[in-house]
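What follows is the residue order along each chain.
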Amino acid sequence: MKNKSNGLAIQGGPKAKTTPYGTGKRFLDNELKNLKEALENNTLFYGLTESKWVKQACEMMKTYTGMPHVVACSSGSAAIHLGLIAAGIGPGDEVIVTPNTDFGTVIGVMEEGAVPVFCDCDSTLQPTAASVAAKITSHTKAVIVVHLAGHPAPVDEIVAVCQPKGIAVIEDCAQSWGARLHGRMVGTFGTAGCYSTNDFKHISTGDGGFVVLADPILYRRVLNYSDKCYDRLFQWEQHLLHHAMNYRMTELQGAVACAQLEKVERITARNHELGERFRERLKPLRGARLMQPIPGGYSTYWWTALFVDEGAVTVSRDQIVKALEAEGLTMIAYAKYDLIETRLFETRVTRPWLSDSRRMYPFVQPDGRSYTYSLDQVPVHKSLLAKGITFSFNRFYTDLDIDETAQGVLKVFEAYAK
Ligand SMILES: Cc1ncc(COP(=O)(O)O)c(C=O)c1O
């Protein structure tokens, strides 16, 4: 019988990807022009009358999201922390979140002395109303819904479960600029929508973030929490009224944010096109399932994943990854999105430099509650971790890049089909 894998590049055959992937410059004349103006203004601090860029970026975010209040900040992690402040999270509260995310999603939870409780995802890698409901206890104060990979999560259904119970929903939109659910932009369903502009997101200011909010009182609380509680936009009435951080965005980041926000719609629309093209080209795929947006979801594809059906192929997931890489498919990111199998969540030691019980705070609470973490608590996430292969998108990719990548995927799975 002819060996089906003979034509694979890993066996010495020709590569599926014959042309280099498209590249391009993210920062162009507008960023430079804005930065120059910011420097010429002789202050890089956002809060002065003559400062303009951070304020303008917030105005642009209002227009972009349709939300009345926006706070700019220093990172996506800071944005989520601020979202939790809006939600009134405090020590000992439980915050439900999926474990397939960046650490930045839970830093604010732990910083407040609250405890992350991991809920499972479904086959779309997103939390569901049922998986969230299964983790609600009398200590639950909030849920952070992570819109992962550019795909909207079913946040409307999660809000419907949480709202009657007085549980806040915070949206982590770090990876999902421009994603929509039933036509409505993610980040506008819950108490706060939190965005990142770190360098690995749809738009970049190097580092940075935004929180969008509907409630004016929470806006003031969040703004003050992000700015050492100076209350400078409100004539210092609440100066140092409560604890706060310095999570400020600088005018340099604001200047770049304004230039990036001008093109965010174009960027996310292109990512959507590329992702949908990939999905279309992979329709004939056998031996793996491609991650799909949920019904009513408009995805802006930051990445996507294939889940290998181990019963339908003759080799392991890792061997398939090697074969795909040999085909020249550098779109493969193969990122492992999991917080549970990390030193921090395995040992639960948050401050190894302390020698008493506070070193495990907030996982061990003063009232004796002790939280442990295992992949067995989230069986769907566990099984998908073992099967997943991730592909990242970049707006500079061409249609040909997508077609050749899909061809390479089909070729490898065809060769290894049982
Ligand atoms: C889903 C998600 N949430 C939060 C963050 C944290 O954002 P930042 O790195 O800007 O703090 C990231 C960043 O990678 C992320 O991907």
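Residues numbered from 1 in each chain as written. Predicted model: local features only at pLDDT ≥ 70, side-chain atom pairs only at ≥ 80, totals over all residues. Heavy atoms only, no water.

On to the domain arrangement of the protein chain, then. Domain boundaries assigned for the protein chain yield domain 1 (4-24 + 264-336 + 381-415) and domain 2 (29-262). Inter-centroid distance (C-alpha atoms) of domain 1 to domain 2 is 30 Å. Listed by partner, the interface residues are 25 residues for domain 1 and 31 residues for domain 2. Here domain 1 meets domain 2 over a buried area of about 2,300 Å², counting both sides, of which 60% is carbon and sulfur. The largest share of the area that domain 1 buries against domain 2 comes from Val264, Trp302 and His381, three residues that together contribute 31% of it. Where domain 1 meets domain 2, there are 0 salt bridges. Our count for the contact surface shared by domain 1 and domain 2 stands at 15 residue pairs in polar contact (both at pLDDT 80 or more). For the side of domain 1 that touches domain 2, the elements supplying multiple residues, two or more each, are helix H8 (251-281), strand E11 (297-298), strand E12 (303-308) and helix H11 (379-387). Sort the elements by how many residues they give to the side of domain 1 that touches domain 2 and H8 lands first, with 6 residues. Considered class by class, the residues forming the side of domain 1 that touches domain 2 number 12 nonpolar, 9 polar and 4 charged. (Domains from an automatic or database assignment. Contact = heavy atoms within 4.5 Å. Buried area = accessible area lost by both parts, 1.4 Å probe. Salt bridge = Lys/Arg side-chain N within 4 Å of Asp/Glu carboxyl O. Polar contact = N/O pair within 3.5 Å; in protein donor to acceptor, adjacent residues only side chain to side chain. Helix = DSSP H or I, 4+ residues; strand = E, 2+ residues; numbered from the N terminus. Nonpolar A, V, L, I, M, F, W, Y, C, P; charged D, E, K, R; others polar.)

A few words on the pattern of salt bridges. A complete count under the given rule lists 24 salt bridges for this structure. In this structure, the salt-bridge partner of Glu31 is Lys263, at a minimum N-O distance of 2.8 Å. Pair noted here: Glu31 is in helix H1 (residues 29-40) and Lys263 is in helix H8, with a separation of 232 residues, a long-range link. On the accessibility criterion, Glu31 (2% relative accessible area) is buried. Judged by its relative accessible area of 12%, Lys263 falls in the buried class. For Arg232, the salt bridge goes to Asp227, with nearest N and O atoms at 2.6 Å. Residue classification places Arg232 among the buried residues on the basis of a relative accessible area of 14%. Through salt bridges with shared partners, a single network forms among Arg270, Glu273, Arg277, Arg281, Asp399 and Asp403. (Buried < 20%, exposed > 50% of the residue type's maximum accessible area, 1.4 Å probe, protein only.)

You can see Ser176 is positioned in the loop between strand E5 (168-172) and strand E6 (180-181). By relative accessible area, which is 0% here, Ser176 ends up buried. A distance of 3.0 Å separates the side chain of Ser176 from the backbone nitrogen of Gly150, its partner in a polar contact. The contacts of Ser176, once residues within four sequence positions are left out, are His147, Leu148, Ala149, Gly150, His151, Val186, His202 and Thr300.

Okay, the sheet that holds E11 next. In spatial order, the strands read E7-E6-E11; together these 3 strands make up an open sheet with antiparallel pairing. Edge positions in the sheet fall to strand E7 (184-185) and E11, since each has one partner strand and no second. Strand direction decides the pairing type here: E6 and E11, joined by 2 bridges, are antiparallel. When the sheet's bridge partners are listed, Leu181 is paired in E11 with Gly297. (Pairing = 2+ DSSP bridges.)

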